[in-house]
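Residue-level structure breakdown
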Amino acid sequence: MQANHGIPPRPASYDKRVALVLQGGGALGSYQAGVYEALADSEYKPDWVAGISIGAINAAIIAGNPPERRVERLRMFWETVTAPPSLWPNWLDQSLAEWTDHRPVAALRALALGQPGFFRPRPAAYWLFGDSRVSFYETEALRATLEALVDFDRINAQEMRFSVGAVQVRTGNMVYFDNATTTIGPEHVMASGALPPGFPTVEIEGEMYWDGGLVSNTPLQYVVAQVPRRSRLSFQVDLFPARGPLPHTIEAVQEREKDIRYSSRTRAASELLAQMHDLRHNINTLWDKLPEALRATPEGRYLYEFGCVTTMDIVQLIHRGDTAQGQAKDYEFSRRTMQARWAQGLADARQTLLASPWLAPTPAELGARCFDVQAAARRATAVPEETPAAPEDEATPVVTPLKRRRAGA
């Protein structure tokens, strides 16, 4: 039974299709599972799920299970990979938690022993006698986990559109494996999450692939740019915040550097995509006003090819820790932290659904709108800092699209 939680009903007039776009970020990915739990309990169930790295794994579990089992299977995955390794007794976790922060201990444990159902360190013989030493860990356990939790026949039946991105090692090009054109197997999901030098390359039809996050940590561009386009509401779930406080310790510097490295391209891509779709939308509007003589010119026909009648709403849900988490946060797989991240994703998604800013009328000149409900709420309650906010960071009402710079501005 679908719970309401005070969320405004979705009117029949808001008929956009729904996409769920999942960024890479390792252990941070349980936040995405919480977001999906909220969407699964709403009127905005996605018909297309796309992911990179850990986002590809979450996407496969969603697309590869019937709707009523998706949250359950996501929880099974996250409880599997956050269990202590067999060589690490449970009592040691409990003892350490009494006198020190459990998070750095959990991160060191993952580095030394791996995580059940996901990855484990290469054996000593690999380093002593191996001919090709190209990764620190092996990921066959992940293949077994995917085969146990994901029905790849269901993915390939195309009940839901499914896409994951990886990088072709030989060319450096981004490649998307899409069930609209490709028969999907565990290797496609594993390729999307094969982050070097930790994880090994994955071979698919004679080509070797690495983690798609090396080129782009979000598949948003792929989803929005697909032809034929459809008007779409895309929930973009990111795991690294672009904005953050000025660091004052080495640990904080390392965490902030990682956030910027993995989020900057995502933010730039989102802004560029929105501007491009505004352009397509306005070209279409202009086309209707052109006299037939101008439409018939080669220049007119060329311009027409760039027009688009669709409109896009992009809703950003970004994992923002209330406290510093350290540079190891993406490989800190403790059960306690996983549960907290899941709960935060669920809460953030419900807050966003409660606001439903995309239900406000779209201005005629806009082809795309971007919303970030959590950012608006934080700005509304934040204590002013000594450093003044940049113009684009000024408080924006929740129902108003995020501001974008225009050419020449």
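You'll find the structure just up there.
Note on numbering: residues in each chain are counted from 1, in written sequence order. With pLDDT at 70 or above as the cut-off, local features in this predicted model cover only qualifying residues; side-chain atom pairs require 80 or more to be listed or tallied, and sums for whole chains, interfaces and linings still use all residues. Side-chain calculation: all heavy atoms of the structure are included, whereas hydrogens and water are not.

1. Concerning the packing of aromatic side chains
- Each Phe, Tyr or Trp ring, with Trp reduced to its six-membered ring, pairs with another whose centre is within 6.5 Å; inter-plane angles below 30 degrees give stacked pairs, above 60 give edge-to-face pairs, and intermediate values give tilted ones. Counted under the stated rule, the structure contains 20 aromatic pairs.
- Consider the rings of Phe 235 and Trp 358, whose centres lie 5.6 Å apart with planes at 85 degrees: the pair is edge-to-face. Of the two residues, Phe 235 is situated in strand S9 (residues 232-238) and Trp 358 in the loop between helix H14 (335-355) and strand S11 (368-371); the sequence distance between them amounts to 123 residues.
- Using a 1.4 Å probe on the protein chains alone, a residue whose accessible area is under 20% of its type maximum counts as buried, one over 50% counts as exposed, and one in between counts as partly exposed. For Phe 235, a relative accessible area of 1% puts it in the buried group.
- Connected via pairs of aromatic rings, a cluster forms that spans Phe 77, Trp 78, Phe 118, Phe 119, Tyr 137, Phe 199 and Phe 333.
- By the criterion adopted, a ring carries a charge over it if an Arg CZ or a Lys NZ lies within 6 Å of its centre and within 35 degrees of its normal. Over the face of the ring belonging to Tyr 126 we find Arg 122, whose NZ or CZ atom lies 4.5 Å from the ring centre.
- Above the face of the Trp 48 ring, Arg 161 is positioned so that its terminal group lies 4.1 Å from the ring centre. Secondary structure elements follow DSSP: runs of H or I no shorter than four residues count as helices, runs of E no shorter than two count as strands, and numbering proceeds from the N terminus.

2. Remarks on the pattern of salt bridges
- Every case where a carboxyl oxygen of Asp or Glu lies within 4 Å of a side-chain nitrogen of Lys or Arg is listed as a salt bridge. Within this structure, the stated rule accounts for 17 salt bridges.
- Where Glu 138 meets Arg 120, a salt bridge forms, and the shortest distance between an N and an O atom there is 2.4 Å. Separated by 18 residues along the polypeptide, Glu 138 in strand S4 (residues 137-138) and Arg 120 in strand S3 (residues 120-121) bring together distant segments of the chain.
- Overall, Glu 138 belongs to the buried group, its relative accessible area being 18%.
- One salt bridge connects Glu 207 with Arg 170, and the closest N-O pair in it is separated by 2.7 Å. You can see Glu 207 sitting in strand S8 (residues 207-211) and its partner Arg 170 sitting in the loop between strand S5 (161-168) and strand S6 (174-178), a full 37 residues away along the chain.
- One connected set of salt bridges, linked through shared partners, spans Glu 255, Arg 256, Asp 259 and Lys 329.

3. Quick look at the nonpolar core
- In terms of nonpolar packing, the biggest core is built from 68 residues, with Phe 162 and Phe 235 touching the most fellow members.
- Here this core gets 8 residues from one element, more than from any other, and that element is helix H2 (residues 54-63).
- Throughout, a contact is declared for two residues whenever any of their heavy atoms are within 4.5 Å. If near-sequence neighbours (up to four positions away) are discounted, Phe 162 is found in contact with Trp 48, Val 49, Ala 56, Ala 59, Ala 60, Ala 63, Ile 155, Phe 177, Asp 178, Asn 179, Ile 184 and Val 189. For our purposes a nonpolar core is just a set of buried Ala, Val, Leu, Ile, Met, Phe, Trp, Tyr and Cys residues, chained together by side-chain atoms within 4.5 Å.

4. Quick notes on the layout of surface pockets
- Its volume calculated, the second largest pocket comes out at about 730 Å³.
- We place a 1 Å grid over just the protein atoms. Points where a 1.4 Å probe fits but has no way out form a cavity, open points with protein on both sides within 12 Å along at least 5 of 7 lines form a pocket, and any residue with an atom within 4 Å of a point lines it. What lines the second largest pocket is a set of 35 residues, among which Gly 26, Leu 195, Phe 199, Asp 330 and Tyr 331 lie closest to the centre.
- Where the lining of the second largest pocket is concerned, the elements lending two or more residues are H2, helix H5 (102-113) and helix H11 (250-289).
- For the lining of the second largest pocket, the element with the most residues is H11, which contributes 3 residues.
- Gly is put with the polar residues, along with every residue not named as nonpolar or charged; the nonpolar set is Ala, Val, Leu, Ile, Met, Phe, Trp, Tyr, Cys and Pro, and the charged set is Asp, Glu, Lys and Arg. Class assignment for the residues of the lining of the second largest pocket results in 21 nonpolar, 10 polar and 4 charged. Grid points are joined across faces, edges and corners, and a volume is the space filled by probe spheres set on the points.

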